[in-house]
Amino acid sequence: MKKWIVIALIVSLMASVLTGCSQPAAPAAPAETPEASGDKVYKVAYIARAQADSFAAWLANAVVEEAGKYDNIKLDVFDGQANDDTENGLIENAITNKYDVIIVQPNNGEAQRPYVEKAVAAGIKVITTNARISGIPGSSSVDADPYMQAKVNCDLAVTQVPQNANVVVLQGPPGNFHADARRDSWQKEFFDKRTDVKIVGEEIANWNKDEAMNYMETWVQANDKIDAIIAMNDNMAAGALEVVKDNPKFKDILAYGVDGTAEAVLLIKDGLMTSTSLQSAYDLATSLLDTTNKLVTGAEKEINMDIDCPLITKDNVDQYIEMHKKAGAIK
Amino acid sequence: MNTLDRNKLWSDIKSKYSIYFVLAALFVISWLSNENFVSVENLSNISTQIAVGTILAFGQTILIISGMLDLSSGSVLALAGVLSVSSYKMTGSLLISFIVAIITAVICNMLNGLMVTRFKTPPFIATLAMMTMARGAALMYTNGQNIYQIGNYVVFGQGKIMGIPTPVIFMAVLLVVTWYLLKHTIFGRSIYAIGGNEEAANASGINVNKTKMKAFIINGILVGIAGVLFMSRVNGGMPNGAVGYEFKALTAAVIGGTSFSGGIGTASGTLAGAFIVGFLDNIMVLVGVNSYLQQIVRGAIIALAVIYDIWAKTKRTKRKHGSVEAK
């Protein structure tokens, strides 16, 4: 009897997970292949950095959705699992399986470089994205510039942050291209220009909300005055804000992030967060598929482009809330 | 009392309570290093910050004492947490969401238990497999995206009762429950016996498989509660949340004197271990220690704790001539 209860519980858990009852599941499988038109259908491999990384997952979902709009493209998604070895292996497999186009979202650009070069040498069209691997002749790229993403926030902060302010800084994982470039941008575009500003705490919170919360809780104990939270992504900014949101001492605190996540735009709408810059997975996906199409149809041989990184503040937040509503991230 | 007895008593006190001396010393050093350390608010923050990891560590303690461990607790926490948040969004019921988390984590742990008891899979491998499966299920269910706007669900992790943060209350209650289970029940005694010598335990009439399964089920309940607290504290359903928390939990248990060779460990020791890590993390941030150096210090503390554990155990074993000790 007990055995059957166990089996029933397991089956019910599996069923609830598999049906994904409440989530607006974007199509996880590649869109149906429309070969009815009789045109050649091109095989495209999309190799994601890690489906477990929420931005990478958002991008992969957006790419799948966008690919559905093209009759001449059949897209397969692969997961690099945040592991260089796995990702390199996936690129090699894609070469062996003769894909027409390989889109690579590198885990670590330099580690994937030789494999991308190998694919290009095999005559396959390669597009690198988020972040691009530059300097490979014959390959294309679509990216957002991390330096610019931080800079649009810095330009606002330079005038907004009060004189002799105390600020805290939350960094992404060391060695990560986007984390390092964003921090570099804050240094050159903000701290070097505002030498009166004092950093009272700076830690690596690895893009994570819970780690950022822990640091902020400690900083709040050590400092009576913190005027601004400078975070290299929205997740960490949101974590720090979670700590001070009900504390009247910090009601005027400024908070800057990057990504334009659903949570960040809601915080901006509520007046808790100051600004973020959008790294739109939809824009990246649109440009990626457009680039793919141009490459396979021979319209162009090599394309290198950056998408915009618009600044989101209270003044224009509504349009981005709408964007997330459409995607189902905000109800 | 002759000198020999007095020496024996002192050595017993040393080996039993040394972890609390370490904790007290660290407390004093931290106090002297930074005046903000002893503020009520800071100590309450530290307790809140370690609560989720410590609750997982209670489960680990029970498993490690019986000669097992759970590498899946961080991932199962995430799966239980996102299903719980999602069920709250569907039903609006805090009670249902809480139960969903516990049922999910218990089912995952029953699977762990089945693999270990029925199929004789080493716990390391069984829970490693569950770690991957549970994380995958959490990501698949949410499509890799966080769940936001979770409304009143935050009361579990951000609420206060008489000024005490709810996670701390959960941690305190579960400390008492774990202590009682280990010290005052047949189950507890069986756990120590199995960890000390499984064959001897079996020969003395203990149903080893049943006890191991019970240990996993209790671990599941603890992981489920930790899942609710974690998601509620970060104000969102995060399928990527709590990565590496199983190691936080293992660290607390091991520093607290739980022995990887089984048969030794206490709930209060684990709590002390968690506080040692919590104090260290906190004071290093308060005095502005370089982030990279923090990692080195944390690693060194774990190494020292294990070295100490092995050293103390060897001494005790020599003294007791191999008898199983259930502190």
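These remarks concern the structure in this document. (Residues numbered from 1 in each chain as written. Chains lettered and ligands numbered in written order. Predicted model: local features only at pLDDT ≥ 70, side-chain atom pairs only at ≥ 80, totals over all residues.)

A tally of helices and strands in chain A yields eleven helices and twelve strands. Counting across all 331 residues of chain A, residues that qualify as buried make up 50%. Long-range contacts, defined here as pairs at least 24 residues apart, represent 73% of the contacts in chain A between residues at least 6 apart. (Helix = DSSP H or I, 4+ residues; strand = E, 2+ residues; numbered from the N terminus. Buried ≥ 20, exposed ≤ 12 C-beta atoms within 10 Å, placed from the backbone. Contact = placed C-beta atoms within 7 Å.)

Here the focus is the pairing of strand β1 (residues 42-48) of chain A. Residue and element names in this part refer to chain A. Burial of β1 is extensive: five of the seven residues sit out of reach of the surface. Pairing geometry for β1 and strand β2 (residues 73-79), over seven bridges, is parallel. Across the sheet, residue valine 44 finds its bridge partner in β2, namely leucine 75. The β-α-β motif built from β1, the intervening helix α2 (residues 54-67) and the parallel element β2 has right-handed crossover chirality. (Pairing = 2+ DSSP bridges. Right-handed = clockwise from strand over helix to strand, strands pointing away.)

What follows deals with the interface of chain B and chain A. Residue-level contacts link 34 residues of chain B with 36 residues of chain A. If you list the elements that add at least two residues to the side of chain B that touches chain A, you get α2 (40-65), α3 (73-91), α4 (94-117), α5 (123-142) and α12 (267-286) of chain B. Taken together, the residues that form the side of chain B that touches chain A break down as twelve nonpolar, 19 polar and three charged. (Nonpolar A, V, L, I, M, F, W, Y, C, P; charged D, E, K, R; others polar.)

It is worth spelling out the sheet that holds strand β8 (residues 228-231) of chain A at this point. Residue and element names in this part refer to chain A. Ordered in space as β7-β6-β8-β9, the four strands form an open sheet in which the pairing is parallel. Every interior strand has two partners, whereas the edge strands, β7 (198-204) and β9 (254-256), have only one. On average, each strand axis in the sheet is tilted by 15 degrees relative to the strand beside it, whichever way the strands run. (Axes fitted to C-alpha atoms, helices over the stretch in contact; angles between N-to-C directions.)

This paragraph deals with helix α9 (residues 262-269) of chain A. Residue and element names in this part refer to chain A. Among the eight residues that make up α9, seven are buried, leaving the element largely enclosed by the rest of the structure. Residues Ala262, Glu263, Ala264, Val265, Leu266, Leu267 and Ile268 constitute the buried set of α9. Next to the buried residues of α9 lie α8 (234-244), β10 (276-277), β12 (311-312) and α11 (317-327).

A few words now on helix α8 (residues 186-196) of chain B. By the burial criterion, the buried members of α8 of chain B are Ser190, Ile191, Tyr192, Ala193, Ile194, Gly195 and Gly196 of chain B. Looking at the buried side of α8 of chain B, the elements it contacts are α2, α7 (166-184), α9 (198-203) and α10 (208-233) of chain B.

All names here are of chain B. Packing of α2 against α7 brings their axes to within 9 Å, and their N-to-C directions diverge by 20 degrees. Taken together, α2 and α7 sit at an angle that is classed as roughly parallel. Remark: the crossing between α2 and α7 carries left-handed chirality. Contacts from Ser47, Thr48, Ala51, Val52, Thr54, Ile55, Phe58, Thr61 and Ile62 in α2 reach Pro167, Val168, Phe170, Met171, Leu174, Leu175, Thr178 and Leu182 in α7. (Parallel < 35°, antiparallel > 145°, perpendicular 65-115°, else oblique. Left-handed = near helix turned anticlockwise from the far one by under 90°.)

It is worth spelling out unusual backbone geometry at this point. Put simply, asparagine 130 of chain A and alanine 131 of chain A share a cis peptide bond, and its omega is 0 degrees. Here alanine 131 of chain A is to be found in the loop between β4 (125-129) and β5 (140-143). The backbone phi angle of asparagine 235 of chain B is positive, close to 55 degrees, even though this residue is not glycine. With respect to the helices and strands, asparagine 235 of chain B occurs in the loop between α10 and α11 (245-255). Unusually for a residue other than glycine, alanine 242 of chain B sits at a positive phi of about 60 degrees. Residue placement: alanine 242 of chain B occurs in the loop between α10 and α11.

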